[in-house]
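In case you want the letters, here they are:
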Amino acid sequence: MRYLIALAALLAFDPTHAGIIDFQDVSTMEDLTELESGDFRFIADCCFDVSYYVTPSDTTLALVNGMKAITMESISGAAFSLSSFDSAGYYTVGGIDLTGYLAGGGTVQTNLEYGGSWSTLELDDTWQNLLRVEFLVPGTPTQIDNIIASTVVPTPATAWLFGAGLLGLLGMIRAKK
């Protein structure tokens, strides 16, 4: 019985690292073209710098007029998935064009609409195995916060070796019975 519990614990191991990117760890509030938050890097590609809209309790990433896009990528270079993020316009209704670049080649794209107040924008299962994502806001300034993303953490070879040994041990015990 204890061997089955050990096997179940091994199989339940999830090799992903999920997190919420809320930009609270960013200390410089303006005049940046690149920043890191959590396990991710954000890069502004043109025109205006990445800037932040600060409320008394929150720091959010702002996409401002004239900016073509902000690119999000894993600092480690590992593939990641994107589940959702919060977004709001500066008192306006708008949309965000997203393009995801897949690790195996190809892209996924969508346009997400939001109201003037904060909305959680959900993404479907096609937003997995990404190398980078571009956020593009045509026209109106927009805020982004609470990005839910996860990276795959490589499982060490020793864990797989341990699992194979455990399965072999279980097989030997069954053969003796």
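Every value quoted in this text rests on a predicted model; they were computed, and no experiment measured them. (Residues numbered from 1 in each chain as written. Predicted model: local features only at pLDDT ≥ 70, side-chain atom pairs only at ≥ 80, totals over all residues. Heavy atoms only, no water.)

S.K.: For this particular structure, what's the right way to read the pattern of salt bridges?
M.R.: Where charged atoms from two side chains of opposite charge approach closely, those side chains can pair. This structure, assessed with the given rule, holds two salt bridges. A salt bridge links Arg41 to Glu36, with the nearest nitrogen and oxygen atoms 3.4 Å apart. A residue is classified by how much of its surface remains accessible, and Glu36, at 43% relative accessible area, is partly exposed. Linked through salt bridges whose partners overlap, the residues forming this network are Glu36, Arg41 and Glu73. (Salt bridge = Lys/Arg side-chain N within 4 Å of Asp/Glu carboxyl O. Buried < 20%, exposed > 50% of the residue type's maximum accessible area, 1.4 Å probe, protein only.)

S.K.: When you look at the side chain of Ser37 in this model, what are you seeing that I'm missing?
M.R.: Note that Ser37 resides in strand S2 (residues 34–37). Not counting chain neighbours up to four residues away, the residues in contact with Ser37 comprise Ile21, Phe23, Asp25, Val26 and Phe42. (Helix = DSSP H or I, 4+ residues; strand = E, 2+ residues; numbered from the N terminus. Contact = heavy atoms within 4.5 Å.)

S.K.: I keep staring at the environment of Glu36 and nothing clicks. Help me out?
M.R.: Tracing the chain through its elements places Glu36 in strand S2. Put simply, Glu36 and Phe23 are 13 residues apart on the chain and 8.5 Å apart in space, counted from C-alpha to C-alpha. Apart from the residues within four sequence positions on either side, Glu36 is in contact with Asp25, Val26, Arg41 and Ile75. A distance of 3.4 Å separates the side chain of Glu36 from the side chain of Arg41, its partner in a polar contact. (Polar contact = N/O pair within 3.5 Å; in protein donor to acceptor, adjacent residues only side chain to side chain.)

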